[in-house]
Amino acid sequence: MRKSVARSTIQGLLTALILLFTCHGTVLATEARVGAYVTGLRDLNMRDKTFDADIWLWAITPSGVTSPLKTMEYTNSKQVRTSYESSQTIDGKAWHQIKASGTFYQHWDLSRFPFDRQVLLIRVEESLSDETALTYVVDTPNSSISQQLVVDGWAITDFKIRGASFTYNSTYGDPRLDPGASSHYPGLIMEITMVRQEMMSFVLLAMPVYVAVMVSFLTFFMRLDNSSLNSPRYSMIAGSLFLIIINLRAASDQIGASSGVGLIQAIHLLAMVSVLLITTVVIRGQIRMEKGVAVDVIAADCRKMAITLACLFILINVGMIAMAAFG
């Protein structure tokens, strides 16, 4: 019995010594259990690359610790307003709550518009205490998004929240850290996955393009030997090309400028190329007529070329739309 007690005492002393040497000169970080519940989502602005959201955040810490909600920074926000801040102590732990409503910057991937899937990000980071003083433990079971939340034209398919460690190649002058070292700050990242459901905006943007190309194709059926039709013919072609360019600009204003070529831009570019090819065929027909080629022969060739170009235009459009929808 005495040997057992002595052995336990020695083990306890050794453990204490190990902890003493391990923790010498350091302060154990305070652990905060943090979570979030999204109650509002609106004003998805593709042109300004922003969206608005309402979030309830909470943190559970040891009593007497400053609420982490007071020192949180919303790193991808344009502006944030906080309200309904509260703190209370329950069973020796402090329970802090706050509501944040803000506008957040978002990179919209519109390459597959209108079949796009967007992942909205909200980043929250501790602004004062690094990970040597404060750590976040995510309250995943209680974090979610409101089931009553409805965003017109969109379906919310998923919500995720995860902890993050933000690293900076600076100590920000902290004398406790070695010069030139990095500093690490705890944070949260919320991800809201949404799928577009409305298609009318795409139809309204694409329809003028298809109408302009159709008008251009009509010039194939205007007789080349009728000089009075030359001016209307080229006016129709020029008007179609002008309409496509103006509509492309309107599309960029409506859904936002894209760094790459998305579906809607590809449709406009294909339409421009088609109109230019139609113009080339018409001019070539006039040159052949001036060289004495029979008008009926030229007209037959133009009709064949019209059918070929029309089929290619339709097939390429169907292919691009299918790739955007299922690719």
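Residues numbered from 1 in each chain as written. Predicted model: local features only at pLDDT ≥ 70, side-chain atom pairs only at ≥ 80, totals over all residues. Heavy atoms only, no water.

Once that is clear, we can look at the packing of helix α4 (residues 263–290) against helix α5 (residues 295–326). At a minimum axis distance of 11 Å, the contact between α4 and α5 shows a crossing angle of 170°. Viewed along their axes, α4 and α5 adopt a mutual orientation that is roughly antiparallel. Of the residues that constitute the contact of α4 with α5, the class distribution is 20 nonpolar, three polar and two charged. (Axes fitted to C-alpha atoms, helices over the stretch in contact; angles between N-to-C directions. Helix = DSSP H or I, 4+ residues; strand = E, 2+ residues; numbered from the N terminus. Parallel < 35°, antiparallel > 145°, perpendicular 65-115°, else oblique. Nonpolar A, V, L, I, M, F, W, Y, C, P; charged D, E, K, R; others polar.)

With that settled, the discussion passes to the state of the cysteines. Counted by the stated rule, this structure contains zero disulfides. You can see Cys302 has no disulfide; the closest cysteine sulfur is in Cys311, sitting 16 Å from it. (Disulfide = S-S within 2.5 Å.)

Our focus in this paragraph is helix α2 (residues 200–218). Here α2 is 19 residues long and its end C-alpha atoms lie 27 Å apart, about the 27 Å a rise of 1.5 Å per residue gives. Of all the bends found along α2, the most pronounced is centred on Ala206 and spans about 30°, while Pro208, a proline, follows it within four residues. When we look at burial in α2, the residues that qualify are Ser201, Phe202, Leu205, Ala206, Val209, Ala212, Val213, Ser216 and Phe217. For α2, the secondary structure elements touched by its buried residues are α3 (230–255), α4 and α5. (Expected span 1.5 Å × (residues − 1). Bend = angle between axes of the 7 residues up to and from the residue. Buried < 20%, exposed > 50% of the residue type's maximum accessible area, 1.4 Å probe, protein only. Contact = heavy atoms within 4.5 Å.)

Our focus in this paragraph is the sheet that holds strand β6 (residues 117–126). Strand order in the open sheet made by the four strands is β3-β6-β10-β9, with antiparallel pairing throughout. At either end of the open sheet lies a strand with only one pairing partner, and these are β3 (72–74) and β9 (154–168). Within this sheet the neighbouring strands show an average axis-to-axis angle of 20°, counted without direction. (Pairing = 2+ DSSP bridges.)

Mean pLDDT over the protein chain works out to 88, with 91% of the residues at or above the 70 mark. Throughout residues 1–6 the model reports pLDDT below 50, and contacts reaching past four residues in sequence, or to other chains, amount to zero contacts. (pLDDT = per-residue confidence, 0-100.)

Okay, the environment of Val150 next. By the secondary structure assignment, Val150 is in the loop between β8 (144–145) and β9. On the accessibility criterion, Val150 (66% relative accessible area) is exposed. For the pair Val150 and Arg42, spaced 108 residues apart in sequence, the C-alpha to C-alpha distance is 8.8 Å.

This part covers the nonpolar core. In terms of nonpolar packing, the biggest core is built from 69 residues, with Leu41, Phe51, Leu57 and Met190 touching the most fellow members. Ranked by the residues each element gives to this core, the list is headed by α4, at 11 residues. Leave out the neighbours within four places in its chain, and Leu57 touches Gly35, Ala36, Leu69, Met72, Tyr74, His96, Gln97, Ile98, Ala100 and Met190. (Core = buried A, V, L, I, M, F, W, Y, C linked by side-chain atoms within 4.5 Å.)

So, about the environment of Ser143. Relative to the elements of secondary structure, Ser143 occurs in the loop between β7 (134–138) and β8. By relative accessible area, which is 9% here, Ser143 ends up buried. Residues Ser143 and Ser83 lie 60 residues apart in sequence; the distance between their C-alpha atoms is 19 Å. Excluding residues within four positions of it along the chain, Ser143 makes contact with Gly35, Ala36, Trp58, Phe159 and Ile161.

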